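Letter by letter, the chains look like this.
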There are 2 protein chains.
Amino acid sequence: MGSGNVATHIAAALKNAGHQIVQVYSPKYDHAALLAYYVKAEPIHDPGLLQSVDLFLVAVKDDAIEAVVAKLAEHDVPVAHTSGATSLALLEKYVEQAGVFYPLQTFSKVKEVNFKTVPLCIEANNEQLEEMLLKLGSTISQSVYKVSSDQRKILHLAAVFACNFPNYLYGIAQNLLKDAQLDFGLLRPLILETAVKVQDQFPAEVQTGPAVRNDQQTMANHLEMLQQNDYLQQVYRLLSDGIIQMNKS
Amino acid sequence: MGSGNVATHIAAALKNAGHQIVQVYSPKYDHAALLAYYVKAEPIHDPGLLQSVDLFLVAVKDDAIEAVVAKLAEHDVPVAHTSGATSLALLEKYVEQAGVFYPLQTFSKVKEVNFKTVPLCIEANNEQLEEMLLKLGSTISQSVYKVSSDQRKILHLAAVFACNFPNYLYGIAQNLLKDAQLDFGLLRPLILETAVKVQDQFPAEVQTGPAVRNDQQTMANHLEMLQQNDYLQQVYRLLSDGIIQMNKS
């Protein structure tokens with residue numbers, strides 16, 4: 001169920017691994033048709049046409065999951081959603097066998113993703129389905145984890161700190177450069193290297209910058225350069241203080 | 001001058017590009033000897049032994065630059081330092097021809113860096129030296145920029161936002177996962193992809209997460225999950241507010 005970025009990438013990965021996608025459902029028929037064409041499935045826009053298969057995978061927007069799952073109740077088929085922010089319990093309101101098949105990566109339509117490296121978070125309300133989802137996951141990814149609904153909430157929160165906030169800070173840096181007539185390209189290799197470093201090391205081990213050295217003079221200079229911008233001074237102070245405290249403990 | 005990470009990577013890149021490194025100076029002779037061995041130069045620990053060459057490159061720690069440059073004054077040789085945080089004016093106190101040859105990347109001894117992709121920031125107090133440093137830079141890097149001392153200060157500040165702070169946020173995410181018995185490996189691909197995305201796009205174009213959607217319910221849930229930690233609540237609020245404001249403007 002679904003024809004967006006997540007549905008497209010999962011369907012393609014499953015198809016490539018030799019699984020059969022029987023039908024693609026979307027309320028927008030042309031969307032369903034496009035994805036169905038790629039994975040050689042039947043497009044449908046009416047849930048009444050659903051066949052009884054081994055598994056329903058629900059990869060629609062978070063706020064559309066419940067409405068879709070309600071329509072699956074009449075079938076005796078296990079249902080798994082692909083959402084990081086939705087509990088297993090929501091599915092259990094409608095279906096007997098409920099699971100989660102959540103790929104922890106940001107997908108965009110334009111950019112192909114190597115699914116092998118995408119961590120998959122699996123959960124189910126019975127052992128048989130858990131086993132099935134773990135097995136299915138391992139055919140498309142090298143990193144399959146059992147993650148409970150409570151853990152998944154934490155993971156989602158942690159991803160805000162690890163990805164959404166860093167991206168916002170990249171944007172702040174870009175604006176500082178722009179004001180000085182400097183090209184963002186100057187910082188791109190450094191941004192990439194910073195992310196590459198923590199692929200085989202832990203962040204605290206590779207922390208650099210004035211705060212971790214407790215270099216008060218440089219931090220004072222930086223705050224002075226930001227004196228026109230209260231907000232950026234606050235961000236600079238708060239994060240630098242955190243790094244200084246981390247280093248003390 | 002110097003035998004640390006920056007000196008080593010620059011010397012190796014210059015040597016590989018066909019330039020001759022004549023001498024390597026370090027107050028610690030064995031350090032000088034090791035680098036000199038690799039780049040087929042003469043190691044020296046006494047500045048009195050310096051030969052008059054085409055260029056002195058000073059790649060020592062920021063707080064050691066002045067002492068080293070003071071010893072170069074007697075030679076009529078252009079001097080360039082490799083520091084992001086040091087002005088050109090410091091060199092001009094001691095030598096006539098002063099320049100900057102600053103590679104904007106984080107170097108570690110263990111990890112080899114493809115110097116071709118490292119942005120080089122060039123500055124000089126006369127056109128002839130500027131020309132020479134731009135030309136020298138272009139033999140080892142594809143990204144050579146003219147950057148004034150004032151711009152370099154901004155660049156250094158922007159790098160704190162683009163690299164030091166994001167790395168600290170990766171560490172916060174790791175701690176959140178640890179408390180929930182989750183592996184940091186779950187987030188590594190997402191961290192990498194977030195940095196890869198801004199290599200050919202701008203951060204504001206690819207911002208994701210609850211704040212950019214102004215998803216108040218999710219942000220309230222996240223703040224509740226952080227209720228045991230005032231500091232993390234502050235960080236979450238401050239950065240989310242910034243993203244919400246950015247999106248409004």
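Read on for an overview of the structure. Fair warning: this is a prediction, and the values are worked out from it, not measured in the lab.

Procedures and definitions
Residues numbered from 1 in each chain as written. Chains lettered and ligands numbered in written order. Predicted model: local features only at pLDDT ≥ 70, side-chain atom pairs only at ≥ 80, totals over all residues. Heavy atoms only, no water. Helix = DSSP H or I, 4+ residues; strand = E, 2+ residues; numbered from the N terminus. Contact = heavy atoms within 4.5 Å. Buried < 20%, exposed > 50% of the residue type's maximum accessible area, 1.4 Å probe, protein only. Pairing = 2+ DSSP bridges. Right-handed = clockwise from strand over helix to strand, strands pointing away. Buried area = accessible area lost by both parts, 1.4 Å probe. Salt bridge = Lys/Arg side-chain N within 4 Å of Asp/Glu carboxyl O. Polar contact = N/O pair within 3.5 Å; in protein donor to acceptor, adjacent residues only side chain to side chain. Nonpolar A, V, L, I, M, F, W, Y, C, P; charged D, E, K, R; others polar.

Considerations on the environment of E130(B)
Residues and elements named next belong to chain B.
Line of reasoning, step 1. Tracing the sequence through the fold places E130 in helix 5 (residues 127-138).
Line of reasoning, step 2. Through-space distance from the C-alpha of E130 to that of V100 is 8.9 Å; in sequence the pair is 30 residues apart.
Line of reasoning, step 3. Filtering out sequence-adjacent residues up to four positions away, E130 remains in contact with I122, A124 and K146.

A closer look at the pairing of strand 6 (residues 120-124) of chain A
Note on strand geometry: in a regular strand, side chains alternate between the two faces of the sheet.
Residues and elements named next belong to chain A.
Line of reasoning, step 1. Counting buried residues in strand 6 gives 5 out of 5 residues, a clear majority hidden from the surface.
Line of reasoning, step 2. Of the two faces of strand 6, the one carrying L120, I122 and A124 and the one carrying C121 and E123 are both buried.
Line of reasoning, step 3. With 5 bridges joining them, strand 5 (residues 98-103) and strand 6 adopt antiparallel strand pairing. The residue bridging G99 from the neighbouring strand is A124, located in strand 6.
Line of reasoning, step 4. The parallel pair strand 6 and strand 7 (residues 144-146), bridged by helix 5 (residues 127-138), forms a crossover whose chirality is right-handed.

Let's talk about the interface of chain B and chain A
Line of reasoning, step 1. The interface is formed by 78 residues belonging to chain B together with 78 residues belonging to chain A.
Line of reasoning, step 2. Interface of chain B and chain A: buried area, both sides summed, is about 7800 Å²; carbon and sulfur atoms make up 73% of it.
Line of reasoning, step 3. Our count for the chain B to chain A interface comes out at 0 salt bridges.
Line of reasoning, step 4. Between the two partners, chain B and chain A, sit 28 residue pairs in polar contact (both at pLDDT 80 or more).
Line of reasoning, step 5. Those elements that provide at least two residues to the side of chain B that touches chain A are helix 6 (149-179), helix 7 (188-197), helix 8 (216-225) and helix 9 (230-248) of chain B.
Line of reasoning, step 6. No other element matches helix 6 of chain B, which puts 25 residues into the side of chain B that touches chain A.
Line of reasoning, step 7. Counted by class, the side of chain B that touches chain A contains 49 nonpolar, 22 polar and 7 charged residues.

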